[in-house]
Amino acid sequence: MTARHLIDVHVLLIRDGRLLLSKRRSDDVFDGRWHLPAGKLEAGESATAAAAREADEEIGVYIDQADLRHIHTAHVVGSGREPRLGLFFEVRHWTGEPTNREPDKCHELRWFPLDVLPDDIISYPAAGIRAHFSGATYSEHGWHTAH
């Protein structure tokens, strides 16, 4: 049987040269590390609808789907998780002020200058953040290629 691949969406909220990150709260190796607002697609949901929904659920902001700009796709395997495609969307216009609406999953939200990001960003979302600077549209993480 073929392993299924999940689809995650990640949102890069950028305002005044700063990026919003969330400090993850979990009982795994990612606890206390920085992440983007993100989540999984639900059945029957488009990627942009999922990104807008996750932003509302996690940080309480309304994003018009037309304002989401796809900047990167990452194909990820490893860390004991199911393989997944991560879709990264940049957004610069939204309604509302971000607040931590999921304190059971997030220690805090914090704005970081784009040129002074923390070192302890989880590598998977870091791929999408790097894409903001490099323009790279695709990456693979955790796959081992034969030489």
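Please read these numbers as outputs of a predicted model, since none were measured by experiment.

(A) Fine view of helix H2 (residues 123-134). In a regular helix each residue adds 1.5 Å, so 12 residues correspond to 16 Å; H2 covers 16 Å between its end C-alpha atoms and thus fits that length. Within H2, the full set of buried residues consists of Tyr-124, Pro-125, Ala-126, Ala-127, Gly-128, Ile-129 and Ala-131. Among the structural elements, strand E1 (6-15), strand E2 (18-24), strand E3 (34-35), strand E5 (69-78), strand E6 (81-91) and strand E8 (138-141) are those in contact with the buried residues of H2. Looking one or two residues beyond H2, the residue adopting positive phi is Gly-135, at roughly 85°.

(B) Quick peek at the pattern of salt bridges. Counted under the stated rule, the structure contains 12 salt bridges. Taking the shortest distance from any N to any O, the salt bridge between Arg-24 and Asp-28 comes out at 3.5 Å. Look at Arg-24 and you get partly exposed, because its relative accessible area is 23%.

(C) Up close: the packing of aromatic side chains. With the rule as written, the count across this model stands at three aromatic pairs. Taking the centre distance of 4.9 Å and the plane angle of 80° together, the rings of Trp-34 and Phe-112 count as edge-to-face. With Trp-34 in strand E3 and Phe-112 in strand E7 (residues 106-113), this pair connects stretches of sequence that are 78 residues apart. What makes Phe-112 buried here is its relative accessible area of 8%. Note on Trp-94 and Trp-111: the rings are 6.1 Å apart at their centroids and 15° apart in plane angle, and the pair reads as stacked. Here Trp-111 lies in strand E7 and Trp-94 lies in the loop between E6 and E7, a separation of 17 residues in the sequence.

Parameters and conventions
- For every chain, the first residue of its written sequence is number 1, and the numbers climb from 1 along that sequence.
- Reporting of local features is limited, given that this is a predicted model, to residues whose pLDDT is at least 70; pairs of side-chain atoms are given and counted only at 80 or more, and all residues count toward the totals for whole chains, interfaces and linings.
- Computation of side-chain values: all heavy atoms of the structure, hydrogens and water removed.
- Strands are runs of DSSP state E lasting at least 2 residues, helices are runs of H or I lasting at least 4, and numbering of each runs from the N terminus.
- Here, expected helix span is obtained from the residue count minus one, scaled by 1.5 Å.
- Relative accessible area decides the class of each residue, using a 1.4 Å probe on protein chains only: under 20% of the type maximum gives buried, over 50% gives exposed, and in between gives partly exposed.
- Throughout, a residue-residue contact means that at least one pair of heavy atoms, one from each residue, lies within 4.5 Å.
- Within this document, salt bridges are pairs made up of a side-chain nitrogen of Lys or Arg and a carboxyl oxygen of Asp or Glu, the two lying within 4 Å of each other.
- Only the six-membered ring of Trp is used, alongside the rings of Phe and Tyr, when aromatic pairs are assigned; centres must lie within 6.5 Å, and planes under 30 degrees apart are stacked while those over 60 apart are edge-to-face, with the rest tilted.

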